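# Coordinate analysis (summary)
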Amino acid sequence: MAKSKVKRGFLFYLIMFLAFVLGIFCILAVVLIFNPGEDIYGINLRYVSYKNAKEIYRYTDNDIRISDTTYTTVEFNSGFTNFNIKYDSSESNALVYFSPMVNALSRSENIDFTVSVTLVGETLKIDVTEPELWIGFGMSATVTMVCPKNKNFADKTFNITTETGSIAFGDTTNNNHSVKEIFAKSKSGEITVNKNVSITTGNATIETENSTINYYNENTSDLNITNVNGRINITKTNGNLHILNTGTLEANCGTIEGNILLESTKGYININELGTTEENGNFTTVNNCQLTNITIKKMYGNAIVDLTDGFVVIEEIAKRATIETTNGTVEIKKANDNVNISTQNGAVTLYQNSEAAITSVVTKKGKITSYFAQIGTVSLSTENSDIEINVVTGQPFKLIYETKDGITASWSTSTLEKNGTLLVSGATESTTNVIEALATNGKINVKEGYKVA
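Just so it is clear, the model here is predicted, and its values are computed rather than measured.

## Examining the nonpolar core
Residues Phe 283, Ile 332 and Ile 389 are the most contacted members of the largest nonpolar core, which totals 92 residues. When residues of this core are assigned to their parent elements, the largest contribution, six residues, is made by strand β19 (residues 240-256). Apart from residues lying up to four places away in sequence, Ile 389 is in contact with Ser 370, Phe 372, Leu 380, Leu 399, Ile 435, Ala 437, Ile 444, Asn 445, Val 446 and Lys 447.

Below is the structure:
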């Protein structure tokens, strides 16, 4: 009974409180309608509404203010206002238009929403003065710069900065146009560079803190990305890629035809294809990438990787791999050149296809599992784990080994010495196909019958 009274009492006071809040809201609404800006107990509110799109600037033959040829740089600055650049074949003149959609309350007298276009030297400046908003019921505004038919911005550098507004170069249509170079920066607004924009002679530099980067452009010299958190989506780029990440990296890359330089503290990067020939396609980490996980399906160049706890998976590499981790695992599914892998506690799985390659794998506690389509010069060493060696049946090689817990070979039923040399499949002492295996506190298992996929 007592609990029931408490519940009824709580419900009564809750209803009273909600009624009180609703009453205050109704009073404020009436004041906003009949006397906006009135001070009520220290609260000064104004209703802010902007809905009508308008043209800000259009260059025509009769407009002597700004000619399309008098500026080399477009500079845009805003808070929450978005920026778009697109091509419109129905337009014969370059223009800038403004599309606001704002419904909000403001506690400030600064409620003007204006866009100015001015020429300062060779820079076309587009500046947005935004209202100081308190509570927004819908806040969206976009400034769009239109490239007209029979023209392009191939000689223009775009320097675009927003706080929370999104930035978009191009759209999903087939209306192709060009820009010279891109600098785009937003703290939390999404940045997109679409495939119908060609970057002619410069690079693309993108900087974000907590937002998504979508890069669908192929015609780029270099792409430089600096971000803290947020996802990076890249379909294809013809140039090099440099990523500097200081938070959590989430990067998914299609084809990068150049090289990749990665600086990251944690997160992951997935790459479908890196490079097009052995002249490029290198992957390099800088300043130890710590917890970053790296997955590469196919690469044409060299891999130089230094991690602490992240894992490395490379499905196919054409050239050399030098990988060092502390606790991260390493897997190379098809190596065609020299491999040098060193880990403390991470396991290593390696598939080596080259007879000319020099292969070295060293771990402290991680197990080594190796598969050899062909055997060149191989050194496998672990301090506190085991080594597994898989070879093609009938392949002659010399095995020099040392182990504490013994060695087993699939072709032998007898007990083998813990230290010694095995001449396999007709190999002789002069055979140059050599595997040296050292399991200081572990065992070695050698198997014939590996079938190359």
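## A look at the pattern of salt bridges
Within the structure shown, the criterion is met by eleven salt bridges. Its salt-bridge partner being Arg 320, residue Asp 337 comes within 3.9 Å of it at the nearest N-O pair. Residue Asp 337 is found in the loop between β27 (330-335) and β28 (339-343), and its partner Arg 320 is found in the loop between β25 (312-314) and β26 (321-325); the two are separated by 17 residues along the sequence. Among the residues examined, Asp 337 registers a relative accessible area of 22% and is labelled partly exposed. Taking relative accessible area as the criterion, Arg 320 reaches 49% and is therefore assigned partly exposed. Where salt bridges share partners, they join Lys 367, Glu 388 and Lys 447 into one cluster.

## Re the confidence of the model for the chain
The predicted structure's coordinates, where accompanied by low pLDDT, should not be read in detail. In the predicted model, the chain carries a mean pLDDT of 84, and 80% of its residues have values of at least 70. Every residue in residues 57-66 is under pLDDT 50, and counting partners more than four places away or in other chains gives 25 contacts.

## Observations concerning the side chain of Thr 403
Residue placement: Thr 403 occurs in strand β34 (residues 397-403). For Thr 403, the side chain forms a polar contact with the main-chain nitrogen of Asp 405, separated by 3.3 Å. If we ignore the near neighbours within four places in the chain, the residues touching Thr 403 are Lys 418, Asn 419, Ala 439, Gly 442, Lys 443 and Ile 444.

## A short note on the pairing of strand β21 (residues 266-274)
The pairing of β19 with β21 spans eight bridges and is classified as parallel. Residue pairing across strands places Ile 256 opposite Leu 274, the latter belonging to β21. As paired strands, β21 and strand β23 (residues 291-299) are joined by eight bridges and run parallel to one another. Looking at β23, one finds that Tyr 268 is bridged to Asn 293.

## Thoughts on a nonpolar patch on the surface
A surface patch of nonpolar side chains, amounting to about 490 Å² of accessible area, comprises Leu 11, Leu 14, Ile 15, Phe 17 and Leu 18. As for its placement among the helices and strands, Leu 18 is situated in helix α1 (residues 2-34).

## Comments concerning the packing of aromatic side chains
Applying the stated rule across the entire model yields six aromatic pairs. Ring centres of Phe 76 and Phe 83 lie 4.9 Å apart, and the angle between their planes is 40°; this geometry places the pair in the tilted category. For the pair shown, Phe 76 and Phe 83 are each scored as buried. Taking 6.3 Å as the distance between ring centres and 55° as the angle between the ring planes, the aromatic pair formed by Tyr 351 and Tyr 450 counts as tilted. On the criterion of sequence distance, the pair formed by Tyr 351 in strand β29 (residues 348-352) and Tyr 450 in the segment after β38 (444-448) is long-range, its members being 99 residues apart. Here Tyr 351 falls in the partly exposed class, since its relative accessible area comes to 21%.

## Some remarks on the side chain of Asn 245
Here Asn 245 is to be found in strand β19. Judged by relative accessible area, which is 2%, Asn 245 ranks as buried. Separated by 3.0 Å, the side chains of Asn 245 and Asn 227 make a polar contact. Not counting chain neighbours up to four residues away, the residues in contact with Asn 245 comprise Asn 227, Val 228, Glu 263, Ser 264, Thr 265 and Lys 266.

## Observations regarding the pairing of strand β5 (residues 73-77)
In β5, alternate side chains face the same way, and those of Val 74 and Phe 76 are buried while those of Thr 73, Glu 75 and Asn 77 on the opposite face are not. Here β5 pairs with strand β9 (residues 123-129) via five bridges, running parallel. Within β9, the position partnered with Val 74 by the bridge is Leu 124. Pairing analysis gives five bridges linking β5 to strand β11 (residues 153-162), with the strands arranged parallel. Counterpart to Glu 75 in the pairing with β11 is Asn 159.

Cut-offs applied
Residues numbered from 1 in each chain as written. Predicted model: local features only at pLDDT ≥ 70, side-chain atom pairs only at ≥ 80, totals over all residues. Heavy atoms only, no water. Core = buried A, V, L, I, M, F, W, Y, C linked by side-chain atoms within 4.5 Å. Buried < 20%, exposed > 50% of the residue type's maximum accessible area, 1.4 Å probe, protein only. Helix = DSSP H or I, 4+ residues; strand = E, 2+ residues; numbered from the N terminus. Contact = heavy atoms within 4.5 Å. Salt bridge = Lys/Arg side-chain N within 4 Å of Asp/Glu carboxyl O. pLDDT = per-residue confidence, 0-100. Polar contact = N/O pair within 3.5 Å; in protein donor to acceptor, adjacent residues only side chain to side chain. Pairing = 2+ DSSP bridges. Patch = residues over 30% accessible without salt bridge, like charges linked within 9 Å, V, L, I, M, F, W, Y side chains within 5 Å. Areas by Shrake-Rupley, 256 points an atom, 1.4 Å probe, with all protein chains shown as cover. Phe/Tyr/Trp six-rings, centres within 6.5 Å; stacked < 30°, edge-to-face > 60°.

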